[in-house]
Amino acid sequence: MKVVRLLYESFLEESKKLKTDRMILLIALIIPILVNLMVGWELSKGVMDHIPLGVVDEDNSPLSRQLVQYFADNETFALTYYAQNQEELQELISHSKIKAGLVIPSHFSEDVTALRSPSVLMIYDGSHMSITSVAKAKASEILLTMRTGAAIKQLEGRLLMTEEEAYQTAMPIAFETRTLYNPAKNFNYFMTPGYGTIICQPGIGLTAVLCITSMPKRKKQDILHYMGGKVLFYGGLGSIAFIINILVQVFLFKIPCRGSLFIAFFFSILLAMAVAAMAVAVSAWMPKRTIAIAGIGLLLLPNSVMAGYTWPLLSMSAFYQKTAYLIPFYHYGDNIRDLFLKGSMQHPLSDILFLILFTLAMVWIAASKFFFFQPLLTKEDKPL
Amino acid sequence: MTAFLYYLKEEFHFIKKQAGLILLLFVGIPFLTVWFAGAYATDYVYHIPIAVLDEDNSELSRSIIEHFDKNERFQVTHHVYTRQELQNILDTKEAYMGLYIPPDLNENVLSGQTTQVLILTNGANVIIGNNAYASAATIVQTVSAGASIKIISVKGSLPQISATNMALPFQFTDRMLYDPQMTYMNYLIYGFVAVFFQQLLLSGLATLILRNPQETVKEHTLRRLGAKITAAAGCLILTGSLAILWLHKGMHVVLTGNVFLALALSILFAIAISCPAILLTAITKDKTKFSQISYMLSLPTFLTCGYVWPADQMPFLLKGLIKITWPLIYYARTFDEILVKNLPLKSVLPNAMHLIIYSAIFMPISIYVWKKRFGEPKETALSIAETNSIEGIDIYE
């Protein structure tokens, strides 16, 4: 009972701040929710389309025009420029007017008919990976389809094969692609489940990091409960932000969540507590506010990169892989994405255990400052 | 001019005495650049681990696998024996792509029947999935074409060359400009440097602006503010340039553009981003609150500046809203393209003009609000310092 009372007292101390310090609600709830609405709106299209494309058609034959038409009809591309030559096309790319270019050589149609196998050139702007990867995948698809069609016609015409026979000869090995978990290759599905949380995390950290300003006279063991109360308060606030964010994603932006929303909430609460505990520990050990803010900012803001959410961790060096393990978001990001996209998580128990142990360890680290260095401080005696 | 130089000297004198500011302005960008660049130092997109289930185990199927293994983009890391195993390896992300070769592939090809090879890509990471797909499709097509050539050659009694040209009526090649390897490092790192510049400038300016607000309001406001912006931006541009030099020389990040043009754009951006900095210091009057808000803005401003999701793919209204409120959208991507693509002045000018217009509109508004807030008789420098020093905390630390 005493434990509950101590936790409640500490919790109450923080909740009273809500009346005087509007920044807490602004930073922990309002900004993250608004930003999530904005990012969800930004990515609402999900799949990139109408990527500006330039064409050099040096052949200008029915076949070359057909090829150009294939690109023009595909919604991934927007045929924006007809250039006279490759140099002009490259200039358009260097001026960022187009992101991809198609070059059809002169005598293209003639060479196809004469079995001289001419070469079509695709030029891409390699500086913008997210656009180029979409453009390249779609262009490869269009060109392969067109080439198979041309081969079938050759076989029908020259070797007098039936359409089926020609198809089987031209495509002895067909390939089928299955994009697992995100068949539409929707950028929103890939980014938003984790990024929504990454946006909320600093809100918890930047408010909780200011919470330890003084230590009322207490028994040493009670300090742990005092810290626990703070973690519960800021973790609770963060949990509300996380849960609202998940609800916004699912119900407003229609991001499919194949798994249980309650599991998503449960994981989010664990993460919120872990982040709050980390911020409370920073607050205890870094009494200077701006330094504490910078510290928690450094710990939380690079999470999307350092925890391997967008850039796979296995591609990073051993040092980064090991340090990532200590980032709470590492134990959350892939799980929540799996829960959204696959409907289940791989081995979540170890991650749950980590988040709980991390929270407890951080509470202890926060309290240890007062166990070892500044025990029995009082508000009246000396501010921290 | 003399007054400006005097105030500039005063700002540097202040910076010199503040260890926190020295760290922020001189160490901040290089440290963050090294830290982030380290994460992208290994090039995963070029060695995507793939798992293979070969139920045919023929010469043809082995040649398909060999094609994948020899391709620089892939690395066959797992040979599995059941579909469930293949699925598990993809689920646990031990491999990023799966290749399934059905039984009787070789037999079917010889008997003239089309057989499907299945490529399973992980769509959870769209960017890597797309890259993997494009390369995998090309490989399977190459192998398929090889088989097709053999069949045509036999059926049509044609020489190899004619059979090849009949199977491949045209070829297609591609050329990837600026970054042929399409690495994450080249794609993102300059954008990160731009955001580091923004965040550190915001923090640095807040400290400098809030150190003597009453004096600044009283006289030579523009010159004093100009000196603060020049001091903070100057230090950061210098260290940012060194960080970029290191990225190019040490990490081989593409740098082909006009550095002076990038510098000029950075100066315009520094002036533009000072407007929200001044406005925010006026609203918060407190370094701690300012820091909280500015840190909260770092991720959203990066996510909406056209780097991760291109500006022309955003909803029109949102794009307009972002352009009106925050200037990073005019800077980050253009800054990157100047350095990587050597974007010419003509293409930079529209964004440069936007930065100038943004500053021309928001600077007077920010200074007006700032003067109004700090010119209030009740608010003295002392009381502001006191507000920031609750519980004995020094705001300038």
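The structure displayed is predicted, hence computed values, not measured ones.

To continue, consider the interface of chain A and chain B. On the chain B side, the residues contacting the 123 residues of chain A number 109 residues. Approximately 11200 Å² of surface area, both sides summed, lies buried where chain A meets chain B, with 66% of it carried by carbon and sulfur atoms. Across the chain A-chain B interface, the total number found is three salt bridges. If you look at where chain A meets chain B, you find 30 residue pairs in polar contact (both at pLDDT 80 or more). The element that contributes the greatest number of residues to the side of chain A that touches chain B is helix α6 (residues 129-158) of chain A, accounting for 20 residues.

Judged by nonpolar contacts, the single largest core of 246 residues is most densely connected at F71(A), M227(A), F68(B) and Y190(B). Residue contributions to this core peak at 19 residues, all from helix α8 (residues 184-209) of chain B. With residues up to four places along the chain from it excluded, the contact list for M227(A) reads I212(A), M215(A), V280(A), A284(A), V363(A), A366(A), A367(A) and F370(A). The next biggest cluster of nonpolar side chains, apart from the first, holds 14 residues, and it includes L180(A), L341(A), L53(B) and L90(B).

This paragraph deals with the environment of N106(B). All names here are of chain B. By the secondary structure assignment, N106 is in helix α5 (residues 105-110). Here the alpha-carbon distance between N106 and I189, two residues 83 residues apart in the chain, equals 46 Å. Filtering out sequence-adjacent residues up to four positions away, N106 remains in contact with D56, S58 and L60.

The next point concerns the sheet that holds strand β3 (residues 100-104) of chain A. Strand order in the open sheet made by the five strands is β2(A)-β1(A)-β3(A)-β4(A)-β5(B), with mixed pairing throughout. The open sheet has two edge strands, β2 (77-82) of chain A together with β5 (171-177) of chain B, and neither has a second partner. Within this sheet the neighbouring strands show an average axis-to-axis angle of 25°, counted without direction. Relative to β2(A), strand β1 (residues 51-57) of chain A is paired through five bridges, and the arrangement is parallel. Along β2(A), the bridge assignment pairs L53(A) with L79(A).

Glancing now at the pattern of salt bridges. Residues and elements named next belong to chain A. Counted according to the given criterion, the structure contains 24 salt bridges over all chains. K230 serves as the salt-bridge partner of E14, at 2.5 Å between the closest nitrogen and oxygen. With E14 in helix α1 (residues 2-20) and K230 in helix α9 (residues 220-252), this pair connects stretches of sequence that are 216 residues apart. By relative accessible area, K230 is classed as buried at 0%. In this structure, R116 engages E110 in a salt bridge whose closest nitrogen and oxygen atoms are separated by 3.9 Å. When its relative accessible area of 49% is taken as the criterion, R116 is described as partly exposed.

Turning our attention to the packing of aromatic side chains. Within the structure shown, the criterion is met by 35 aromatic pairs over all chains. Centroid distance Y40(B) to F192(B): 6.2 Å. Interplanar angle 5°. Geometry classified as stacked. In this pair, Y40(B) is assigned in the loop between α2 (19-39) and β1 (48-54) and F192(B) in helix α8, connecting sequence segments 152 residues apart. Of the residues examined, F192(B) reaches a relative accessible area of 8% and is grouped as buried. Of note, K342(A) hangs over the ring of Y181(A), and the distance from its end group to the ring centre comes to 4.5 Å. Above the face of the F370(A) ring, K369(A) is positioned so that its terminal group lies 5.6 Å from the ring centre.

With that out of the way, let us pick up helix α1 (residues 2-17) of chain B. Between its first and last C-alpha atoms α1(B) spans 23 Å; for 16 residues at 1.5 Å apiece the expected length is 22 Å, and the two agree. Its buried side turned inward, α1(B) meets α2, α8 and α10 (221-251) of chain B.

Next up on the list: a nonpolar patch on the surface. The grouping of L298(A), I22(B), L23(B), F26(B), V27(B), F31(B), L238(B), L242(B) and L245(B) at the surface amounts to a nonpolar patch, some 780 Å² of accessible area in total. Among the elements of the structure, α2 and α10 of chain B are those that each provide at least two residues to the nonpolar patch. With five residues, the single largest contributor to the nonpolar patch is α2(B). Mapped onto the secondary structure, F26(B) falls in helix α2.

Another point: the domain arrangement of chain A. Its domain assignment divides chain A into domain 1 (2-44 + 186-373) and domain 2 (51-170). Using only C-alpha atoms to locate each centre, domain 1 of chain A and domain 2 of chain A end up separated by 49 Å.

Here we take up the side chain of S153(B). Relative to the helices and strands, S153(B) is located in helix α6 (residues 126-155). Residues contacting S153(B), with those up to four places away along its chain left out, are L158(B) and A163(B).

So, about the domain arrangement of chain B. Its domain assignment divides chain B into domain 1 (2-40 + 183-392) and domain 2 (44-167). In this structure, domain 1 of chain B and domain 2 of chain B have C-alpha centres spaced 50 Å apart.

Moving on, we get to the sheet that holds strand β4 (residues 115-122) of chain B. With mixed pairing, five strands are arranged side by side in an open sheet as β5(A)-β4(B)-β3(B)-β1(B)-β2(B). On the outer flanks of this sheet lie β5 (173-180) of chain A together with β2 (74-80) of chain B, each paired with one strand and no other. Across the sheet, the mean angle separating the axes of adjacent strands is 25° when strand polarity is ignored. Pairing between β5(A) and β4(B): eight bridges, direction parallel. Each residue of the ladder has a partner; that of E176(A), found in β4(B), is L118(B). Contacts from helix α3 (residues 59-70) of chain B reach β5 of chain A together with β1, β2, β3 (97-101) and β4 of chain B, with the element oriented near 135° to β2(B).

Attention shifts here to the pairing of β4(B). Residues and elements named next belong to chain B. Taken across its eight residues, β4 has seven buried, putting it largely inside the fold. One ladder, built from four bridges, connects β3 with β4; its direction is antiparallel. Counterpart to L99 in the pairing with β4 is I119.

Positive phi, close to 70°, is recorded for Y181(A), a residue that is not glycine. By the secondary structure assignment, Y181(A) is in the loop between β5 and α8 (187-208). For Y181(A), a relative accessible area of 12% translates into the label buried. Of note in the backbone geometry, N57(B) takes a positive phi value of approximately 50° without being a glycine. Mapping N57(B) onto the fold places it in the loop between β1 and α3. Exposure remark for N57(B): the relative accessible area of 52% places this residue in the exposed category.

Turning our eyes to something else, we now look at the packing of α9(A) against helix α10 (residues 261-285) of chain A. Residues and elements named next belong to chain A. Contact geometry for α9 and α10: axes closest at 7 Å, N-to-C directions at 140°. Considered as vectors, α9 and α10 are oriented oblique to each other. Handedness of the α9/α10 crossing: right-handed. Residues of the contact of α9 with α10, tallied by class, amount to 21 nonpolar, five polar and one charged.

Rules used in this analysis
- Residues numbered from 1 in each chain as written.
- Chains lettered and ligands numbered in written order.
- Predicted model: local features only at pLDDT ≥ 70, side-chain atom pairs only at ≥ 80, totals over all residues.
- Heavy atoms only, no water.
- Contact = heavy atoms within 4.5 Å.
- Buried area = accessible area lost by both parts, 1.4 Å probe.
- Salt bridge = Lys/Arg side-chain N within 4 Å of Asp/Glu carboxyl O.
- Polar contact = N/O pair within 3.5 Å; in protein donor to acceptor, adjacent residues only side chain to side chain.
- Helix = DSSP H or I, 4+ residues; strand = E, 2+ residues; numbered from the N terminus.
- Core = buried A, V, L, I, M, F, W, Y, C linked by side-chain atoms within 4.5 Å.
- Buried < 20%, exposed > 50% of the residue type's maximum accessible area, 1.4 Å probe, protein only.
- Pairing = 2+ DSSP bridges.
- Axes fitted to C-alpha atoms, helices over the stretch in contact; angles between N-to-C directions.
- Phe/Tyr/Trp six-rings, centres within 6.5 Å; stacked < 30°, edge-to-face > 60°.
- Lys NZ or Arg CZ within 6 Å of the ring centre and 35° of its normal.
- Expected span 1.5 Å × (residues − 1).
- Patch = residues over 30% accessible without salt bridge, like charges linked within 9 Å, V, L, I, M, F, W, Y side chains within 5 Å.
- Areas by Shrake-Rupley, 256 points an atom, 1.4 Å probe, with all protein chains shown as cover.
- Domains from an automatic or database assignment.
- Parallel < 35°, antiparallel > 145°, perpendicular 65-115°, else oblique.
- Left-handed = near helix turned anticlockwise from the far one by under 90°.
- Nonpolar A, V, L, I, M, F, W, Y, C, P; charged D, E, K, R; others polar.

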